Amino acid sequence: MTHELRFWILLLIWGVVLRQLFVAGRTFKRVNSGLGGSVLAIAFASMLFQIPRTELFTTLVVPGGLLLIASLALFEWAAWTIRGLFFSYIFSNDEPQFICTSGPFAYIRHPFYASYFLTQVGVAIMFPSRITALVALSLLAYFWWAAHFEEQKFERSSRSAEHAEYKRRTGRFLPKLAR
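Nothing here was measured: the structure is a model prediction, and the numbers come from that model.

A. Region of interest: the pattern of salt bridges. With the rule as written, the count across this model stands at 9 salt bridges. With a closest N to O distance of 2.7 Å, Lys-153 and Asp-94 form a salt bridge. With a gap of 59 residues between them, Lys-153 in helix H5 (residues 130-155) and Asp-94 in the loop between helix H3 (61-81) and helix H4 (111-126) connect regions that are remote in the sequence. The partner of Arg-169 in a salt bridge is Glu-165, with the nearest N and O atoms 3.9 Å apart. Pair noted here: Arg-169 and Glu-165 are both in helix H6 (residues 160-169), with a separation of 4 residues, about one helical turn. Accessibility expressed as a relative area gives 33% for Glu-165, which makes it partly exposed. Each of Arg-109, Glu-151, Glu-155, Lys-167 and Arg-172 takes part in one network of salt bridges that share partners.

In structure tokens:
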């Protein structure tokens, strides 16, 4: 039973990660982009190739699996919301033309980064090791930096006043609680 469960969990993880990478590759546009997307792919790859050698904690399959499903749902919702809109790759130096405030963007400013992080946390919960924990923590720092970079772009753009209001209403990675 454990081998069968491990197979299905690994299939779920690979499915979520490959879906995120494939859709991101089709969704985002390259604009003077550096290694931003490559760093994410390398982090996912290091995690994916580490977990087959890591023990699966069967008692943590349900919470980890729920995080993976939540990650994919958030990712798909965000991707569906921005269909046909111009969204650039991570760390691109383009001038923001608009602020998306529908779908998950009505609640959080960076739903894609939040979904990637949920994936990493879900994996780290089910396959706890130094590597999975290090990848998850490193990606949290990476996404924090990327979000800060993007928010700075908006603050320097013609959309700065609109972005300030948007920032006041929404959380970076989690929805703001009503005051």
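B. Region of the structure containing the environment of Arg-130. Along the chain, the position of Arg-130 falls in helix H5. For the pair Arg-130 and Ala-79, spaced 51 residues apart in the sequence, the C-alpha separation amounts to 31 Å.

C. Geometry of the nonpolar core. Counting 45 residues, the largest nonpolar core has Ile-13, Phe-28, Phe-105, Phe-112, Tyr-113, Tyr-116 and Phe-127 as its most contacted members. Of all the elements in the fold, those that place two or more residues in this core are helix H1 (2-27), helix H2 (36-50), H3, H4 and H5. The residues touching Phe-28, leaving out its near neighbours within four places in the chain, are Ile-82, Phe-87, Ser-88, Tyr-89, Phe-112 and Tyr-116.

D. Local environment of the side chain of Thr-119. Within the secondary structure, Thr-119 is located in helix H4. Setting aside chain neighbours within four positions, we find Thr-119 in contact with Val-16, Val-17, Gln-20, Phe-44, Leu-68 and Ser-71.

E. Unusual backbone geometry, seen in detail. Phi at Phe-91 is positive, roughly 65°, even though this residue is not glycine. Here Phe-91 lies in the loop between H3 and H4. Under the relative-accessibility criterion, Phe-91 is labelled buried at 14%.

F. A look at the packing of H4 against H5. Packing of H4 against H5 brings their axes to within 9 Å, and their N-to-C directions diverge by 170°. In terms of their interaxial angle, H4 and H5 are classed as roughly antiparallel. Counted together, Tyr-113, Tyr-116, Phe-117, Gln-120, Val-123 and Ala-124 of H4 and Thr-132, Ala-133, Val-135, Ala-136, Leu-139, Leu-140, Phe-143, Ala-146, Ala-147 and Glu-150 of H5 form the full contact between these two elements. Partitioning the contact of H4 with H5 into residue classes produces 13 nonpolar, 2 polar and 1 charged.

G. Molecular detail of the side chain of Gln-120. Structurally, the position occupied by Gln-120 is in helix H4. The class for Gln-120 is buried, based on a relative accessible area of 0%. If we ignore the near neighbours within four places in the chain, the residues touching Gln-120 are Phe-44, Met-47, Val-135, Ala-136 and Leu-139.

Thresholds, definitions, all that
- Residues numbered from 1 in each chain as written.
- Predicted model: local features only at pLDDT ≥ 70, side-chain atom pairs only at ≥ 80, totals over all residues.
- Heavy atoms only, no water.
- Salt bridge = Lys/Arg side-chain N within 4 Å of Asp/Glu carboxyl O.
- Helix = DSSP H or I, 4+ residues; strand = E, 2+ residues; numbered from the N terminus.
- Buried < 20%, exposed > 50% of the residue type's maximum accessible area, 1.4 Å probe, protein only.
- Core = buried A, V, L, I, M, F, W, Y, C linked by side-chain atoms within 4.5 Å.
- Contact = heavy atoms within 4.5 Å.
- Axes fitted to C-alpha atoms, helices over the stretch in contact; angles between N-to-C directions.
- Parallel < 35°, antiparallel > 145°, perpendicular 65-115°, else oblique.
- Nonpolar A, V, L, I, M, F, W, Y, C, P; charged D, E, K, R; others polar.

Nothing here speaks to function; it is geometry throughout.
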